[in-house]
Amino acid sequence: MVKIKAIPRKNPQDEQAPERFYAQAVADGFVNLERLAYLISNQSTVREPDCLAVLNALQHNMLDELGQGRVVQLGTLGNFQIGVRSNGSDTAEEVSVTNVRSAHINYRPGKRVRKALKVVEYKLIDG
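Residues numbered from 1 in each chain as written. Predicted model: local features only at pLDDT ≥ 70, side-chain atom pairs only at ≥ 80, totals over all residues. Heavy atoms only, no water.

*Asks:* I keep staring at the pattern of salt bridges and nothing clicks. Help me out?
*Replies:* Side chains that differ in sign of charge can pair as their charged atoms come close. One pass over the structure, following the stated rule, counts two salt bridges. In this structure, the salt-bridge partner of Asp28 is Lys3, at a minimum N-O distance of 3.6 Å. Of this pair, Asp28 sits in the loop between strand S2 (20–26) and helix H1 (33–42) while Lys3 sits in strand S1 (residues 2–9), and the two are 25 residues apart along the sequence. For Asp28, a relative accessible area of 61% gives the class exposed. Residue Glu65 pairs with Arg70 through a salt bridge whose shortest N-O separation is 2.8 Å. Residue classification places Arg70 among the partly exposed positions, given a relative accessible area of 44%. (Salt bridge = Lys/Arg side-chain N within 4 Å of Asp/Glu carboxyl O. Helix = DSSP H or I, 4+ residues; strand = E, 2+ residues; numbered from the N terminus. Buried < 20%, exposed > 50% of the residue type's maximum accessible area, 1.4 Å probe, protein only.)

*Asks:* When you look at the environment of Arg9 in this model, what are you seeing that I'm missing?
*Replies:* Relative to the elements of secondary structure, Arg9 occurs in strand S1. In this structure Arg9 comes out as partly exposed when scored by relative accessible area, which is 41%. Sequence separation of Arg9 and Tyr22 is 13 residues, and the distance between their C-alpha atoms is 7.4 Å. If near-sequence neighbours (up to four positions away) are discounted, Arg9 is found in contact with Glu19, Arg20, Tyr22 and Gln24. Engagement of the side chain of Arg9 in a polar contact is seen with the side chain of Gln24, the distance being 3.1 Å. (Contact = heavy atoms within 4.5 Å. Polar contact = N/O pair within 3.5 Å; in protein donor to acceptor, adjacent residues only side chain to side chain.)

As structure tokens, then:
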């Protein structure tokens, strides 16, 4: 169950408009690699340290492949790819690597994740 709370937001296009309230998901803790390794080991015949080693290798190799400009496909989990934010130029010839301001990860969920998002249950909590 995903917890949500009401968050007030102003309309940036109309500063005089009254605030409106929107639902925002609230994180309910973190799960680290050690916890994932423990959970996986309890669902399989693989020992916890072996699961952790595989997850660490996945993390290392994902970062390396993303750094090479590749899309990392993780099956039904989805695809990960580096995206950039850049400053604009008047012509294509003026664009260079100095235009890049920052990098981020683009995540495109796979079918299974998209399907799971359709059946998520929510619970409203006090702000």
